[in-house]
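# Coordinates in review
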Amino acid sequence: MLHQTEMFSPSETPMSSTQVINPTGYKGLHAFHKYWGKKPLEPLCFLIEHLSPEGGTVVDPFLGGGLLSRLCRELNRKFIGIDINPVATELGRLFVDLPTFGDYRNAFEALEVNVRQKIDASYIRSDGSIGSHYLWQGEKLESVWTTGKGRSRVECPVEEHDLEQISGYSNYAPKNLREITTFSNSRINATPELALSDIFKRRALANLDILLEGILSFKEPSLRRALLLTLTAASGQMSNFVFAINKRGKNTDTVEADAKTEVGSWAIGLWCPERHFEVNAWNCFRNRARKFEKALGSTITRVKSKVAASAKPFFVGDSDCAIINAPYQAALSDAPPNSVDLILTDPPHSDRIPYLELSEFWNSLLQYGATDFENEVVISNASEREKKPAAYSKDMAEFMKTSSRLLKPNGFLCILFNCRENGDWNFLRNPEGLKFIGRFDLKYSAGSIVQDNRKGALKTDFALIYSPSQHSTPPSALEGLPGWSTDFPQS
């Protein structure tokens, strides 16, 4: 058995309860992409080890950030990961089919030769230096920053040359990106009129096209996928979401004349602040690529999997992994009953994160077509989507019924969940064919703006454990966890 060799320090012993309640921060592959709702790996590893046998089948119908695919394969479990969000399933495929360190580095270096000069040309100044950051107040360019000695930032006054260069892109229309679909969602600062040209400066769109053309020239699937996901991971920092921070550490649209300005980063939502940075696109891509390259360089073993694109070949063929981009209902329609040892999932928590709406420009970069907003299981503040609490509860009750059908008699369902609205817990209280056997607190290993900054924000999730009604005794390892309780949470 491969015990947490890849994600954690090498070990031949199962994950301890101490590690579960004191998870480490996100690092390596876990820190590569800014997909929302990440959970610490230690409790996931613990649950897989204690709730499923080696060689058993684990299913995650809401794959999210995708790393569970790799963790299950490292722990010698077969795995099915499903998500309606294309970026989630692309991440899942990446993590079970990583390029080698050498191949990725060579690809990056080839890309640098082919595209960097073209991108640098769009930021070149009259003295031949390359702009790294452009500070904007609305439509007015305030200053241009370049890189000095020791990678220090040098703030320079705006020149006529800078403005002429920018105006040359004023009518640029993207060639390799489809337009995005957005809705009236004040929760994430979105409107139906929001377009790619609102999210990115026209110059950034031109440079995204240059990067995409270079990346799409690679034919090897794992390399191409890795580079495309590197681009999506870097794209938020190329956008107009990068707010300016004044000397008091606040992101504001105005600032005192003598205040020191620092560069913020995209956190969540589609808010384009009046005072923001336009960051050199190549630098953003390079910085993210270096982080991914570092993660690849620290990898100890390579996970080899035969990956299917649907459930049927997984169950009747010799695949040990399936990554499926579809609604979970359709993806699991071919799965035989009583065939799964563990369903371990972090579903949408009511209205906390509208995943597809926030991922729309990522999926455009990934070359995916129209997004399946209709079948997403979520509560959305966008009224035109009609994703209301009643529909969410119905969808999740159906998910619980599907889980009951799929689980073996001695199998388990573990749901990572928390939300503020009492009614949104109903599907978990008395699900048909399943019995609640206990729960423990799931602490985050890193702060999240979604969880920490809003009024009434949630500080932790629960790991809620269910089993088919014939099977009701929790494993002793769970009973030994600090905070373990057989009482349903008081929502």
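A short tour of the structure in this document, coming up.

What counts and what doesn't
- Residues numbered from 1 in each chain as written.
- Predicted model: local features only at pLDDT ≥ 70, side-chain atom pairs only at ≥ 80, totals over all residues.
- Heavy atoms only, no water.
- Pairing = 2+ DSSP bridges.
- Helix = DSSP H or I, 4+ residues; strand = E, 2+ residues; numbered from the N terminus.
- Contact = heavy atoms within 4.5 Å.
- Axes fitted to C-alpha atoms, helices over the stretch in contact; angles between N-to-C directions.
- Buried < 20%, exposed > 50% of the residue type's maximum accessible area, 1.4 Å probe, protein only.
- Right-handed = clockwise from strand over helix to strand, strands pointing away.
- Phe/Tyr/Trp six-rings, centres within 6.5 Å; stacked < 30°, edge-to-face > 60°.
- Lys NZ or Arg CZ within 6 Å of the ring centre and 35° of its normal.

### Describing the sheet that holds strand β14 (residues 461–468)
Read across the open sheet, the 8 strands follow the order β9-β10-β2-β1-β11-β12-β14-β13; overall the sheet is mixed. With partners counted over all chains shown, the strands left at the sheet margins are β9 (307–308) and β13 (434–442), one partner each. The sheet contact formed by β9 and strand β10 (residues 321–325) spans 2 bridges and is parallel. The partner of alanine 308 across the bridge, within β10, is alanine 322. Sheet strands touched by helix α2 (residues 41–51): β11 (340–345), β12 (407–417), β13 and β14. Its angle to β11, the strand with the most contacts, is close to 165 degrees. Packed on one face of the sheet, helix α4 (residues 86–96) meets β2 (78–83), β9 and β10 and runs near 160 degrees to β10.

### Regarding the pairing of strand β1 (residues 57–60)
Along β1, one buried face is formed by Thr57 and Val59 and the opposite face, lined by Val58 and Asp60, is buried too. In terms of strand pairing, β1 meets β2 through 4 bridges, oriented parallel. Bridge assignment links valine 59 to a residue of β2, and that residue is isoleucine 80. Once you follow β1 into helix α3 (residues 67–74) and on to β2, the crossover reads as right-handed. Two elements, β1 and β11, share 2 bridges in a ladder whose sense is parallel. Bridge pairing in β11 links valine 58 to leucine 342.

### Concerning the packing of aromatic side chains
Counted by the stated rule, this structure contains 31 aromatic pairs. Here the aromatic rings of tryptophan 425 and phenylalanine 488 are separated by 5.9 Å at their centres, their planes lie at 80 degrees, and the arrangement is edge-to-face. On the criterion of sequence distance, the pair formed by tryptophan 425 in the loop between β12 and α15 (426–429) and phenylalanine 488 in the segment after α17 (476–479) is long-range, its members being 63 residues apart. Each member of the pair, tryptophan 425 as well as phenylalanine 488, carries the same accessibility label: buried. An aromatic cluster of at least three residues, connected via ring pairs, comprises Tyr35, Trp36, Phe200, Phe241, Trp266, Tyr355, Phe361 and Trp362. The ring of tyrosine 134 has arginine 203 lying over it, and the distance from NZ or CZ to the ring centre is 4.2 Å. Between arginine 385 and the ring centre of phenylalanine 183, over which it is positioned, the NZ or CZ distance is 5.6 Å.

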